[in-house]
Amino acid sequence: MNLMDAAGWLDLDYKPKLPQDLSKGIGIIGAGAIVTECHLPAYRMAGFRVIGIYDIDRNKAQAVAEQFKLPHVFQSVEQLLEHPDIEIVDIAIPAKFQPETVEKVVAAGKHVLCQKPLGESYQEAKRIVDACEQAGVKGAVNQQMRWAPGIRASHSIIQRGWLGTITQATIQVNVLTEFDQWPWITKLDRLEVMYHSIHYLDSIRFLVGTPEYIYADGAKYPNQLCKGETRAMIHMKLPGEARGLIHDNHNNWAGQDDWSATFRFEGTEGMIKGTNGLLYNYPVGREDTLSFISKQIDPGYWFTPRLTGKWFPHAFIGTMGELMRSIEEDREVENSVQDNLLTIQMLFAAYRSMEQNRAVYLEEIQ
């Protein structure tokens, strides 16, 4: 393979796209670690305009505002919504508080970027969708893994047809996650799939399509701190003869040298294999890797483009940037709340499958 020829195949158009107008004002509700480690660093990289922040813990909000030089610390959600320069509200709070908060935000005519999961039940997620539709505003969900370099590059390869007919989508994770850094999450009955593998469910749906049914199993680790599952295996019947598998374990105590976080997407014409770099040294992480082979280009050569950026924080530019672009272009958001109902169906089909030990069709989740 000539290196000059190869260069064209390595331009995968995977980086988040920005709106033409960067001046739209953003208000943030929530001042937790996800905001300081991901949202605000990403927005600073992109040049987005953050007007201010609110949190029930005023001191925490004040500290975040000082760290990121935000102009305003609001006393209440209502005060944030009254600010005339805020057009978009970025919600970064636990899912159980989200429906009521979204209803306040959209009633004020603001567009909204919701946290994932969209709701703690399908009914709560639908409540958010209905609120956005009735208010006539755009609602998006922070399913930012769609913009992680390895996933977005894979999407580019698949969309170009280089894999042919998709046959298999696999995401496997074997790491140690210290869930006690989020004390509230340790008290939940539903943990791993609700707050972690939901990203993999959404990414596989984004890449390959919505599954017909899901068969899932979740498990705990002996004497673990958390109430909910910390391991999951999820099988999906995808469109046609394609199948999907998520295998996620958060209890690998052997050390980082033994950790792994990989993805593999296969088709009749090609294959992709790669790593999710963030999880090899979370939260610092490293860049994703990706290699692909295609009969349509060279059946004997694995292309290995160098990807820059990471899932955290760079992919958070993608979710907010897409919402801003959809407002600018007056179109539906790729990661809209309406679209996310399919991911929510996958999520709760997985939990029903765990509870009933059977395959659960997505249409059952209504």
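Keep in mind the model is a prediction, meaning the values are calculated, not measured.

1. Focus on the overall build of the protein chain
- Helices and strands together make up the secondary structure of the protein chain, namely 10 helices and 15 strands.
- What you see for the protein chain is a C-alpha radius of gyration of 20 Å, in line with the 21 Å of a compact globule of 366 residues.
- Looking at the protein chain as a whole, 57% of its 366 residues are labelled buried.
- Intrachain contacts of the protein chain at a sequence separation of at least 6 include 69% that bridge at least 24 residues.
- When the accessible surface of the protein chain is split by element, carbon and sulfur atoms take 49% of a total near 15600 Å².

2. Some words on helix H5 (residues 98-107)
- The set of residues buried in H5 consists of Gln98, Pro99, Thr101, Val102, Val105 and Val106. One face of H5 carries all of its buried residues, which in axial projection span an arc of 160 degrees.
- Along its buried surface, H5 packs onto strand E1 (25-29), helix H4 (77-82), strand E4 (86-91), strand E5 (111-114) and helix H6 (122-135).

3. Things to note about the environment of Asp11
- As for its placement among the helices and strands, Asp11 is situated in the loop between helix H1 (3-9) and E1.
- Asp11 gets classed as exposed once you look at its relative accessible area, which sits at 53%.
- Here the alpha-carbon distance between Asp11 and Arg306, two residues 295 residues apart in the chain, equals 9.9 Å.

4. Things to note about the sheet that holds strand E6 (residues 139-141)
- One open sheet accounts for 6 strands, arranged E3-E2-E1-E4-E5-E6; its pairing is parallel. Strand pairing shows two members of the sheet lacking a second neighbour, strand E3 (72-73) and E6, which therefore form its edges.
- In terms of strand pairing, E4 meets E5 through 3 bridges, oriented parallel. Note that in E5 the partner of Val89 across the bridge is Val112.

5. What to know about the side chain of Asp55
- The residue Asp55 is located in the loop between strand E2 (49-54) and helix H3 (58-68) in this model.
- No salt bridge is formed by the buried Asp55, whose closest oppositely charged neighbour, Lys60, lies at an N-O distance of 5.0 Å.
- From its side chain, Asp55 meets the backbone nitrogen of Ala31 in a polar contact 2.8 Å long.
- At a separation of 2.7 Å, a polar atom in the side chain of Asp55 contacts the main-chain amide nitrogen of Asp57.
- Setting aside chain neighbours within four positions, we find Asp55 in contact with Gly30, Ala31, Gly32, Lys60 and Ala61.

6. Brief notes about the pattern of salt bridges
- Under the defined criterion, the tally for this structure stands at 24 salt bridges.
- Of the charged contacts, one joins Lys138 and Asp330 as a salt bridge, the two residues approaching to 4.0 Å between their closest N and O atoms. Here Asp330 lies in the loop between helix H9 (315-329) and helix H10 (337-356) and Lys138 lies in the loop between H6 and E6, a separation of 192 residues in the sequence.
- Arg146 is the salt-bridge partner of Glu334, the closest N and O atoms lying 3.6 Å from each other. On the criterion of sequence distance, the pair formed by Glu334 in the loop between H9 and H10 and Arg146 in the loop between E6 and helix H7 (149-159) is long-range, its members being 188 residues apart.
- Judged by relative accessible area, which is 3%, Arg146 ranks as buried.

7. A look at the sheet that holds strand E8 (residues 213-219)
- Strands sit in the order E14-E13-E12-E11-E7-E10-E9-E8-E15 across an open sheet of 9 strands; the sheet is mixed. Pairing within the sheet leaves two strands with one partner each, and these edge strands are strand E14 (298-303) and strand E15 (360-361).
- Direction of pairing for E8 relative to E15: antiparallel, over a ladder of 2 bridges. From the neighbouring strand, Tyr213 faces E15, where its bridge partner is Tyr361.
- The strands touched by H7 within the sheet are strand E7 (166-174), strand E11 (260-267), strand E12 (270-275) and strand E13 (289-294), with E13 carrying the most contacts at an inclination of about 15 degrees.

The rules behind the values
- Residues numbered from 1 in each chain as written.
- Predicted model: local features only at pLDDT ≥ 70, side-chain atom pairs only at ≥ 80, totals over all residues.
- Heavy atoms only, no water.
- Helix = DSSP H or I, 4+ residues; strand = E, 2+ residues; numbered from the N terminus.
- Rg over C-alpha atoms; globule rule 2.2 N^0.38 Å.
- Buried < 20%, exposed > 50% of the residue type's maximum accessible area, 1.4 Å probe, protein only.
- Contact = heavy atoms within 4.5 Å.
- Areas by Shrake-Rupley, 256 points an atom, 1.4 Å probe, with all protein chains shown as cover.
- Arc of directions from axis to C-beta.
- Pairing = 2+ DSSP bridges.
- Lys, Arg positive; Asp, Glu negative; His and termini not counted.
- Salt bridge = Lys/Arg side-chain N within 4 Å of Asp/Glu carboxyl O.
- Polar contact = N/O pair within 3.5 Å; in protein donor to acceptor, adjacent residues only side chain to side chain.
- Axes fitted to C-alpha atoms, helices over the stretch in contact; angles between N-to-C directions.

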